[in-house]
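In case you want the letters, here they are:
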Amino acid sequence: MELQKLINRAMDLRNQYEKKEKQLYGSPATDEDIAEGFLADVNNLVKLVKTQHGKGQIAQSTEKLGSHLSHCLWSVIVLARMHNIDLEQNFMETMDKLENHLLETQE
């Protein structure tokens, strides 16, 4: 699936959440709220990964792992859009930098 399709789907859902948040709370979640939710999702992800290595017990951890990774991806996409960041371009640039760094350390 193309990244743009993922972005469109994530933002469609974000728009639905905004409408619901305005109804319930009078205003939509801020980027800080989204980032805090992301932090909680990453924390849950860490627990699930640890469970995969026998450190802790979470029922159906293997099944939950994909869902939590998807939650994290959603947050990253939404935060990037909220800050007008071209995620695809920045990702490619960052991968190039990391690859160059790796090549430099191998010489």
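All figures in this text were calculated on a predicted structure; none of them were measured in a lab.

(A) Spatial organisation of the side chain of Ser61. Structurally, Ser61 is set in helix H3 (residues 61–82). When its relative accessible area of 10% is taken as the criterion, Ser61 is described as buried. Looking at Ser61, its side chain comes within polar contact range of the side chain of Gln52, at 2.9 Å. Look past the residues within four positions of Ser61 in its chain and what remains in contact with it is Leu48, Thr51 and Gln52.

(B) Fine view of the confidence of the model for the protein chain. For the protein chain, the mean per-residue pLDDT works out to 94, and 99% of the residues sit at or above 70. Mean pLDDT across the elements of the protein chain ranges from a minimum in helix H4 (residues 87–106), with 94, to a maximum in helix H1 (residues 3–25), with 96.

(C) Representation of a negative patch on the surface in the model. On the surface, a cluster of negative charge is contributed by Glu2, Asp86, Glu88, Glu93, Asp96 and Glu99. Mapped onto the fold, Glu2 is located in the segment before H1.

(D) Spotlight on helix H2 (residues 31–52). Here H2 is 22 residues long and its end C-alpha atoms lie 31 Å apart, about the 32 Å a rise of 1.5 Å per residue gives. Restricting attention to buried positions, one finds in H2 the residues Ile34, Asp41, Leu45, Leu48 and Thr51. Taken around the axis of H2, the buried residues stretch over an arc of 110°, which confines them to a single face. Projecting away from the buried face of H2 at angles above 90 degrees are the exposed residues Glu32, Glu36 and Leu39. Backbone geometry just after H2 places Gly54 at a positive phi near 80°.

(E) Quick look at the packing of H2 against H3. At a minimum axis separation of 9 Å, H2 and H3 run at an interaxial angle of 155°. By the angle between their directions, the pair H2 and H3 is classed as roughly antiparallel. Regarding H2 and H3, the two cross each other, and that crossing is left-handed.

(F) The packing of H1 against H3, seen in detail. For the pair H1 and H3, interaxial distance at closest approach is 9 Å and the crossing angle is 85°. Between H1 and H3, the crossing angle belongs to the class labelled roughly perpendicular. On the side of H1, the interface is formed by Gln4, Leu6, Ile7, Ala10, Met11, Leu13, Arg14 and Tyr17, while H3 contributes Leu73, Trp74, Ile77, Val78 and Arg81. Considered class by class, the residues forming the contact of H1 with H3 number ten nonpolar, one polar and two charged.

Conventions we followed
Residues numbered from 1 in each chain as written. Predicted model: local features only at pLDDT ≥ 70, side-chain atom pairs only at ≥ 80, totals over all residues. Heavy atoms only, no water. Helix = DSSP H or I, 4+ residues; strand = E, 2+ residues; numbered from the N terminus. Buried < 20%, exposed > 50% of the residue type's maximum accessible area, 1.4 Å probe, protein only. Polar contact = N/O pair within 3.5 Å; in protein donor to acceptor, adjacent residues only side chain to side chain. Contact = heavy atoms within 4.5 Å. pLDDT = per-residue confidence, 0-100. Patch = residues over 30% accessible without salt bridge, like charges linked within 9 Å, V, L, I, M, F, W, Y side chains within 5 Å. Areas by Shrake-Rupley, 256 points an atom, 1.4 Å probe, with all protein chains shown as cover. Salt bridge = Lys/Arg side-chain N within 4 Å of Asp/Glu carboxyl O. Lys, Arg positive; Asp, Glu negative; His and termini not counted. Charge placed at Lys NZ, Arg CZ, Asp CG, Glu CD. Expected span 1.5 Å × (residues − 1). Arc of directions from axis to C-beta. Axes fitted to C-alpha atoms, helices over the stretch in contact; angles between N-to-C directions. Parallel < 35°, antiparallel > 145°, perpendicular 65-115°, else oblique. Left-handed = near helix turned anticlockwise from the far one by under 90°. Nonpolar A, V, L, I, M, F, W, Y, C, P; charged D, E, K, R; others polar.

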